Amino acid sequence: MSKRLDEWDKQVPASVLAKQQRLNARRRFLAACAGTAALPFVSAAPVDAIAGETPAWRVKEPWLTLAAVQEHLFPSNAEAPGARQINATQYLKNVIDHHDIEQSEKDFIQSGVKWLNGLAKEQFSLRFVELNTAAKESVLRKVAQSRAGENWLSTLLTYLIEALLTAPAYGGNTNGIGWRWLEHQPGFPQPPASKVYYRL
């Protein structure tokens, strides 16, 4: 493991480790019940253009890199929506801007971008968003070898799954695309954007 990843391991907040331990226990239980394993990394296919206009914040860091990581971890294909279609980056921004999560977790998510881009430059002399699919996969697999990187990716995957399943009022699951893909019948009524719980 590189010295850079060793340094990052020393900075993982205790709140993030505790949360991941709880999630891992839940995942083990669900995997045992369903006979499935955790989501593997998958190679990303090019994603279609974003529906509608791209907000200015999305083309700046850390969101530019976070969106690229989300799209690599959860790519679209002809039959399934990907991170872009479920508006995963907007959902994550809403979580960080409004959600009642620890400040240390917010900082951890954003600082991961610096570590990731540092490794990408170390390996390929490019930022993560400038890499091709194979190089992105290589950098992410290297990041996953460290405790900090594993927790960072797990945190992003957790919020990706939330974006897939959330009520659209919270910014993800655009027009219920995730529910339709999963053939899920949501509860009724759904909250309007003005009545999401963190705005009450």
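Residues numbered from 1 in each chain as written. Predicted model: local features only at pLDDT ≥ 70, side-chain atom pairs only at ≥ 80, totals over all residues. Heavy atoms only, no water.

S.K.: Which parts of the structure should I look at to understand the environment of Glu-122?
M.R.: Relative to the assigned elements, Glu-122 resides in helix H5 (residues 103-124). On a C-alpha basis, the gap between Glu-122 and Arg-4 in space is 9.6 Å, while along the polypeptide they are 118 residues apart. Filtering out sequence-adjacent residues up to four positions away, Glu-122 remains in contact with Ser-2, Arg-4 and Lys-142. (Helix = DSSP H or I, 4+ residues; strand = E, 2+ residues; numbered from the N terminus. Contact = heavy atoms within 4.5 Å.)

S.K.: In this structure, what is going on with the pattern of salt bridges? I would like to understand it.
M.R.: Any two side chains of opposite charge can pair, given that their charged atoms come close. Summed over the entire model, instances satisfying the criterion amount to 6 salt bridges. Here Glu-61 makes a salt bridge to Arg-127, at a shortest N to O gap of 3.5 Å. Here Glu-61, found in the loop between helix H2 (14-34) and helix H3 (63-73), pairs with Arg-127, found in the loop between H5 and helix H6 (133-143); they are 66 residues apart in sequence, far enough to count as distant. We classify Glu-61 as partly exposed; its relative accessible area is 37%. Residues Glu-130 and Arg-127 are paired through a salt bridge, measuring 3.7 Å at the closest nitrogen-oxygen approach. Classification of Glu-130 as partly exposed rests on a relative accessible area of 41%. Given a relative accessible area of 28%, Arg-127 falls into the partly exposed group. Here the salt bridges share partners, and the residues they tie into one network are Arg-58, Glu-71 and Arg-84. (Salt bridge = Lys/Arg side-chain N within 4 Å of Asp/Glu carboxyl O. Buried < 20%, exposed > 50% of the residue type's maximum accessible area, 1.4 Å probe, protein only.)

S.K.: What is the right way to look at the packing of H5 against H6 in this model?
M.R.: Helix-helix packing is characterised by the crossing angle of the two axes and by the distance between the axes. Where H5 contacts H6, the two axes come as close as 10 Å, and the packing angle between them is 120 degrees. By the angle between their directions, the pair H5 and H6 is classed as oblique. For the pair H5 and H6, the crossing hand works out as right-handed. Of the residues in H6, those in contact with Leu-116, Leu-119, Ala-120, Glu-122, Gln-123 and Phe-124 of H5 are Ala-135, Ser-138, Val-139, Leu-140, Lys-142 and Val-143. Its residues assigned to classes, the contact of H5 with H6 comprises 8 nonpolar, 2 polar and 2 charged. (Axes fitted to C-alpha atoms, helices over the stretch in contact; angles between N-to-C directions. Parallel < 35°, antiparallel > 145°, perpendicular 65-115°, else oblique. Left-handed = near helix turned anticlockwise from the far one by under 90°. Nonpolar A, V, L, I, M, F, W, Y, C, P; charged D, E, K, R; others polar.)

S.K.: What should I look at first to understand unusual backbone geometry in this one?
M.R.: Most of the time, phi is negative for any residue but glycine, and the peptide bond is trans. Of note, the bond from Glu-61 into Pro-62 is cis; its omega dihedral lies within 30 degrees of zero at 10 degrees. In this structure, Pro-62 sits in the loop between H2 and H3. With an omega of 0 degrees, the peptide bond between Phe-188 and Pro-189 qualifies as cis. Residue placement: Pro-189 occurs in the segment after helix H8 (177-182). One non-glycine residue, Asn-87, lies in positive phi territory at about 60 degrees.

S.K.: Even after reading the chapter, I still don't get H3, so can you show me in this structure?
M.R.: Given 3.6 residues per helical turn, the α-helix brings residues three or four places apart onto the same face. With respect to burial, H3 is a largely interior element, 10 of its 11 residues being buried. The inward-facing, buried residues of H3 contact helix H4 (88-98), H5, H6 and helix H7 (147-165).

S.K.: How should the nonpolar core be read in this particular structure?
M.R.: The nonpolar side chains of a soluble globular protein tend to be buried, and buried together. Core analysis: the biggest nonpolar cluster contains 47 residues, and Val-69, Phe-128 and Trp-152 have the highest contact counts within it. Elements that contribute at least two residues to this core include exactly helix H1 (3-9), H3, H4, H5, H6 and H7. Looking at which element gives the most residues to this core, the answer is H7, with 9 residues. Sequence-distant contacts of Val-69, that is, excluding residues within four places in its chain, are made with Leu-116, Phe-128, Leu-140, Trp-152, Leu-153 and Leu-156. (Core = buried A, V, L, I, M, F, W, Y, C linked by side-chain atoms within 4.5 Å.)

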